[in-house]
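Coordinate inspection notes
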Amino acid sequence: MNNTISIISSYPIYGKYSHTHSALASFTSNLVDGIKKNFPDLDISIYADRGELKQNTLDAHVSNLKIYRIWERNSLTSLARMLSKLIVDPNKTLLFQYEWTLFGDSLLYNAFFLLALTLLRLRGKNCYVVFHGVIVGKSIVANLKKYKVLTPLKVLLLSIFSVPFYFLASLLAKKIIVLETDLKKQLVAFAYIDSSKIE
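All of the points below concern the structure found in this document. (Residues numbered from 1 in each chain as written. Predicted model: local features only at pLDDT ≥ 70, side-chain atom pairs only at ≥ 80, totals over all residues. Heavy atoms only, no water.)

**Considerations on the pairing of strand β7 (residues 175-178)**
Our working definition: With a 1.4 Å probe rolled over the protein chains alone, any residue whose accessible area is under 20% of its type maximum counts as buried; one over 50% counts as exposed, and the rest are partly exposed. A helix here means a DSSP run of H or I that spans at least four residues, while a strand means a run of E at least two residues long, and both kinds are numbered starting from the N terminus. By the convention used here, strands pair only if DSSP detects at least 2 bridges between them.
Covered by surrounding structure in β7 are Ile176 and Val178 only, the residues Lys175 and Ile177 on the alternate face being uncovered. Sheet analysis places strand β6 (residues 126-131) next to β7, joined by 4 bridges and oriented parallel. Within β7, the position partnered with Tyr128 by the bridge is Lys175.

**With respect to helix α2 (residues 76-88)**
Where we set the bar: Helices are assigned an expected span. That span is 1.5 Å times one less than the residue count. In this analysis, two residues are considered to be in contact whenever any of their non-hydrogen atoms come within 4.5 Å of each other.
Relative to the 18 Å expected for 13 residues at 1.5 Å per residue, α2 spans 19 Å between its end C-alpha atoms, a close match to the ideal helical length. Along α2, the residues that are buried comprise Ser78, Leu79, Met82, Leu83, Leu86 and Ile87. Check the buried side of α2 and you find it contacts β1 (4-9), β2 (43-49), β4 (65-71), β5 (93-98) and α3 (107-122).

**Re the pattern of salt bridges**
Rule in force here: Note on definitions: salt bridges are taken to be side-chain nitrogens of Lys or Arg within 4 Å of carboxyl oxygens of Asp or Glu.
Applying the stated rule across the entire model yields 4 salt bridges. In this structure, the salt-bridge partner of Glu199 is Lys175, at a minimum N-O distance of 3.5 Å. Of this pair, Glu199 sits in the segment after α6 (181-190) while Lys175 sits in strand β7, placing them 24 residues apart in sequence. Its relative accessible area of 53% is what places Glu199 among the exposed residues.

**A few points about the nonpolar core**
Selection criterion: We define a nonpolar core as any set of buried Ala, Val, Leu, Ile, Met, Phe, Trp, Tyr and Cys residues linked to one another through side-chain atoms lying within 4.5 Å.
Phe103, Phe131 and Tyr166 are the most contacted members of the largest nonpolar core, which totals 42 residues. Contributing elements (two or more residues each) for this core: β4, α2, β5, α3, β6, α5 (152-172), β7 and α6. At 7 residues, the largest contribution of residues to this core is made by α3. Each residue touching Phe103, except ones within four places of it in the same chain, is listed here: Ile8, Trp71, Glu72, Arg73, Asn74, Leu79, Met82, Tyr98, Tyr109, Phe112 and Phe113. Membership of the second largest hydrophobic core comes to 13 residues, among which are Ile44, Ile46, Leu95 and Val130.

Here it is in structure tokens:
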């Protein structure tokens, strides 16, 4: 394993466990704890949302862990700033902890994610993407109910957009990772992704 990794995710304020917007933050915090335990010499940089903080800041620099508070949801400007830093970051290994509304509520932010993967790949980065939930095929309606945005237009747009989204993400990423076997089956069946590309 390389001795450095950059993780892009929502993340709790250092010293806390919970997050005001996303349970993904707690998941990533637990993941980082596990990585530090099993790979104590690995340097970890986390590019996290600002959360409760109002400005860009280095939230923590403890031993081999750095937490950069650099982006905020529903802000293309801050996301572009994060992307520019990832592009020039000498670290080649990036891990995205991704859920559908990670960067914002509009489909535009999912399109931004594909653009980010494209530019990072062109810069020689190895991007690993963990999809926390998959909105494709039979799961579209279930996920829309979860986010309380179940409208005929939303179902239509997601039906059209989700398949190319996941397919393109699989082409651009080094590896796609899902946490459940059923999610892998859905990506293979509905998004036409090669099963060997999914862990």
